[in-house]
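One-letter residues, chain by chain:
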Amino acid sequence: MKEEISKLIALQKLNTEMSGFDQNIGEKQQELADREQSIQDKESAISQCRDRAEELEQRQRDIKAAHEDAGTRIKERQSKMMQVQTSREHQALLKEIEDAKKLIKDTEEQLLEVMEQAEQAEAEAVELENVCRGEKELLAEETKKVEAAVKKLNTRRKTVFNKHNKLAKDVQGSMIKRYDKLLKKRNGLAVVQVIDGVCQGCFMAIPPQQFNEIRKGDQMHSCPTCQRIFYYEAPDEKDGKK
Ligand SMILES: [Zn+2]
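Draft legend 1. Region of interest: the overall build of the protein chain. Looking only at helices and strands, one finds five helices and three strands in the protein chain. In terms of C-alpha radius of gyration, the protein chain reaches 39 Å, well past the compact-globule figure of 18 Å for 242 residues. Taking the principal axes of its C-alpha atoms as reference, the protein chain extends roughly 125 × 40 × 35 Å. When contacts within the protein chain are restricted to residue pairs at least 6 apart in sequence, those whose partners lie at least 24 apart make up 73%.

Draft legend 2. Structural view of the sheet that holds strand β2 (residues 198-199). Pairing in this open sheet of three strands is mixed, and the strands run β2-β1-β3 from one edge to the other. For this open sheet the edge positions go to β2 and β3 (229-231), each flanked by a neighbour on one side alone. Two strands pair when backbone bridges link them, and strand β1 (residues 191-195) and β2 are joined in this way by two bridges, in the antiparallel orientation. Along β2, the bridge assignment pairs I195 with V198.

Draft legend 3. View of the environment of D99. By the element assignment, D99 lies in helix α2 (residues 87-169). In this structure D99 comes out as partly exposed when scored by C-beta crowding, with 14 C-beta atoms within 10 Å. Between the C-alpha atoms of D99 and A148, which are 49 residues apart in sequence, the distance is 72 Å.

Draft legend 4. Structural detail: the nonpolar core. V191, I229 and F230 are the most contacted members of the largest nonpolar core, which has 15 residues in total. Looking at this core, the elements that each hand over two or more residues are α1 (2-81), α3 (173-185), β1 and β3. Not counting residues up to four positions away in its chain, the partners in contact with I229 are L8, L182, A190, V191, M220 and S222.

Draft legend 5. Region of the structure containing the domain arrangement of the protein chain. Parsing the protein chain into structural domains produces domain 1 (17-169) and domain 2 (173-241). Distance from the C-alpha centre of domain 1 to the C-alpha centre of domain 2: 59 Å.

Draft legend 6. Inspection of the confidence of the model for the protein chain at higher detail. Per-residue confidence for the protein chain gives a mean pLDDT of 94; residues scoring 70 or more make up 98%. At the level of individual helices and strands, the protein chain shows its lowest average pLDDT in helix α5 (residues 235-241), which scores 58, and its highest in β2, which scores 97.

Draft legend 7. Summary view of α1. Compared with an ideal rise of 1.5 Å per residue, which puts 80 residues at 118 Å, α1 spans 116 Å between its outermost C-alpha atoms and is within 8% of the ideal. Close packing links the buried residues of α1 with α2, α3, β1 and β3.

Draft legend 8. Summary view of the packing of α1 against α2. Between α1 and α2, the least distance of the axes is 6 Å, while the angle of their chain directions is 165°. When the interaxial angle is binned, α1 and α2 end up roughly antiparallel. Crossing geometry of α1 relative to α2 is assigned as left-handed. For the contact of α1 with α2, the residue count by class is 41 nonpolar, 12 polar and 27 charged.

Draft legend 9. Region of the structure containing the environment of L128. With respect to the helices and strands, the residue L128 is situated in helix α2. Measuring from C-alpha to C-alpha, the distance between L128 and C49 comes to 9.5 Å, with 79 residues separating the pair along the chain. Setting aside residues up to four positions removed in sequence, L128 forms contacts with K42, A45, I46 and C49.

About the cut-offs
- The numbers attached to residues start from 1 for each chain and follow its sequence in the written order.
- The predicted origin of the model limits local features to residues at a pLDDT of at least 70 and limits the giving and counting of side-chain atom pairs to 80 or more, whereas totals for whole chains, interfaces and linings rest on all residues.
- Per the convention used, a helix needs a DSSP run of H or I reaching at least four residues, while a strand needs a run of E reaching at least two, with both numbered from the N terminus.
- Each radius of gyration reported is based on C-alpha atoms, and the globular scaling rule is 2.2 Å times the count of residues to the power 0.38.
- Any two residues are considered in contact once their C-beta atoms, placed from the backbone, lie within 7 Å.
- Paired strands, as defined in this entry, are two strands with at least two bridges between them according to DSSP.
- Buried, partly exposed and exposed are defined by the number of other C-beta atoms within 10 Å of a residue's own C-beta, namely 20 or more, between the two limits, and 12 or fewer respectively, with C-beta atoms placed from the backbone.
- We define a nonpolar core as a collection of buried residues of the types Ala, Val, Leu, Ile, Met, Phe, Trp, Tyr and Cys that are connected via C-beta atoms lying within 7 Å of each other.
- Per the annotation, domain bounds derive from an automatic or database assignment of domains.
- What pLDDT conveys is the predictor's confidence in a given residue, as a value from 0 to 100.
- Multiplying 1.5 Å by the helix residue count minus one yields the expected span of that helix.
- For helices, the fitted axis covers only the stretch in contact; all axes are lines through C-alpha atoms, and the angles between them, taken along N-to-C directions, range from 0 to 180 degrees.
- For classification purposes, angles smaller than 35 degrees are called roughly parallel, those larger than 145 roughly antiparallel, those between 65 and 115 roughly perpendicular, and all remaining angles oblique.
- Note on convention: the crossing is left-handed when the near helix lies turned anticlockwise from the far helix by less than a right angle, right-handed when the turn is clockwise.
- Just so you know the grouping, Ala, Val, Leu, Ile, Met, Phe, Trp, Tyr, Cys and Pro go in nonpolar, Asp, Glu, Lys and Arg go in charged, and all remaining residues, Gly too, go in polar.

Here you go:
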């Protein structure tokens, strides 16, 4: 039984090693995905800036049109002035001219303001584009690096995987089934140590009687709480290994 357990311990180490590779690969790929997302976010910000710049250009055209209209109105009213006979009509025309002049002044101010805003939006878009370009270049470099690193990791993983398969064939059929099932159910950890009567998988204390039995190592034991397969390593044995 001791031999079977030591095979399972070795198997567990290989499985842990493989999931370490998987995690490492996953993290690298996630980092690329995050960078990609950051670029996409900037691209959508750029297109928002451009939309805004376009809107502001339209506003500039509208303001210019209002400005020109006011100019035309002033000319019209001024030529009408020659023909009016009553002071009331005269006053009304003067008022209209005054209003149009005020509108011209206002639209000139508005135009300056809107032009400035449009320039700002455009400058913001250009700046974001520069940042984006830099990030894209970096991402392309990083992608190459990650691809190379992932390739290496996969090669190493494959070696471990082959070792694992070879060893698994050597373990009793019923045992390997139980092991695989636990591995899936318990997040990649099927075989755990018991230290001071505590399961290192779920960290629950086990009955003292069971702990004594496990220390003898004659029989296979599993955690009453998480069902993981137990093994025991005497403290001196452990120190000796290190
Ligand atoms: Zn447990």
